[in-house]
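Coordinate analysis (summary)
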Amino acid sequence: GAAGARMDTSVYEKCKNILQELASLDENGYCRETSKQLEWVGFTDVVKKPISFGDITKKLVRSEYASPAAFASDMRRIFYNFFLYHGRDQQTGHREYAFWLAHEFEKRYDENGLNDVPEPRAPAPPAFNHRGAAALKANGPSVPVALHPSAPPMPSSRQQPGGFKTSAPAARAQRRVG
């Protein structure tokens, strides 16, 4: 993302070239701008995450993709949205057009070796500093574990190991026996 790692320059160039090639193949301009898609009747009723080649271009320029896989995810969303909206529209050929564009994308993505680019590694968590460790050792956790909001509830004395409460007479009988 914007705060994380950025793609290698050569990978960025490959993604940019694929995007430009597909935009030029989109002669009707159906996938170029989200604003054009939003003009289609009922589009936002069916498509919840609209995206276009124009949106992806902006994200590429702003270095918002950490990997080619993230770029591919947005590209595939364009075709998915197209299938979703035109799914039942068999007379105009929109589905075939979307399948063709999706195929052209996957072909170029694979030919450029982008399927083989590893995902960026997540940054390591910050090191635990010695002052925090000393305070923890001296004072214990700042919130007792049993009272911490994420801790499971402490079992009551009348609760069996499986979490089921016993009846009052059964609890008295257990105390007499045990």
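The structure reproduced in this document is the subject of the present report.

Conventions and cut-offs
Residues numbered from 1 in each chain as written. Predicted model: local features only at pLDDT ≥ 70, side-chain atom pairs only at ≥ 80, totals over all residues. Heavy atoms only, no water. Helix = DSSP H or I, 4+ residues; strand = E, 2+ residues; numbered from the N terminus. Buried < 20%, exposed > 50% of the residue type's maximum accessible area, 1.4 Å probe, protein only. Contact = heavy atoms within 4.5 Å. Areas by Shrake-Rupley, 256 points an atom, 1.4 Å probe, with all protein chains shown as cover. Core = buried A, V, L, I, M, F, W, Y, C linked by side-chain atoms within 4.5 Å. Salt bridge = Lys/Arg side-chain N within 4 Å of Asp/Glu carboxyl O. Axes fitted to C-alpha atoms, helices over the stretch in contact; angles between N-to-C directions. Parallel < 35°, antiparallel > 145°, perpendicular 65-115°, else oblique. Left-handed = near helix turned anticlockwise from the far one by under 90°. Phe/Tyr/Trp six-rings, centres within 6.5 Å; stacked < 30°, edge-to-face > 60°.

Some remarks on the overall build of the protein
The number of helices and strands found in the protein is eight helices and zero strands. Each helix and strand of the protein, placed in order from N terminus to C terminus, yields the pattern α-α-α-α-α-α-α-α. Within the protein, the fraction of its 178 residues that count as buried is 26%. The long-range fraction of contacts in the protein, counting pairs at least 24 apart against all pairs at least 6 apart in sequence, stands at 61%. For the protein, the accessible area works out to roughly 12,400 Å², and carbon and sulfur atoms hold 55% of it.

Considering the nonpolar core
Counting 29 residues, the largest nonpolar core has Leu22, Phe53, Ile56, Phe71, Met75, Phe79 and Phe105 as the members making the most contacts within it. Elements with a contribution of two residues or more to this core: helix H1 (9-25), helix H4 (53-61), helix H5 (68-86) and helix H6 (94-111). For Phe71, the contacting residues outside a window of four places in its chain are Cys15, Leu19, Ile56, Leu60, Tyr65, Phe105 and Tyr109.

Brief notes about the pattern of salt bridges
Oppositely charged side chains can form a pair if their charged atoms are brought close together. According to the stated counting rule, one finds seven salt bridges in the structure shown. A salt bridge links Arg62 to Glu64, with the shortest nitrogen-to-oxygen separation between them at 2.6 Å. Residue Glu64 is classed as partly exposed on the basis of its relative accessible area of 24%. A salt bridge links Arg76 to Glu106; its shortest N-O distance comes to 2.7 Å.

Overview of the environment of Val117
Relative to the helices and strands, Val117 is located in the loop between H6 and helix H7 (130-139). As a C-alpha pair, Val117 and Val11 span 106 residues in sequence and 8.5 Å in three-dimensional space. Ignoring sequence-local partners within four residues, the contact set of Val117 consists of Val11 and Pro68.

A word on the packing of H1 against H6
Two elements in contact, H1 and H6, have axes whose closest approach is 10 Å; the angle formed by their N-to-C orientations is 155 degrees. As far as their axial angle goes, H6 and H1 are roughly antiparallel. For the pair H1 and H6, the crossing hand works out as right-handed. Across the interface between the two elements, Ile18, Glu21, Leu22 and Leu25 from H1 touch Tyr97, Trp100, Leu101, Glu104, Phe105, Arg108 and Tyr109 from H6.

Thoughts on the packing of aromatic side chains
Tallied over the entire structure, the rule returns eight aromatic pairs. Ring geometry for Phe79 and Phe105: centres 6.1 Å apart, planes at 45 degrees, overall tilted. In this pair, Phe79 sits in helix H5 while Phe105 sits in helix H6, placing the two residues 26 residues apart along the sequence. One exposure class covers both Phe79 and Phe105, and it is buried.

Everything listed is a geometric property; what it means functionally is a separate question.
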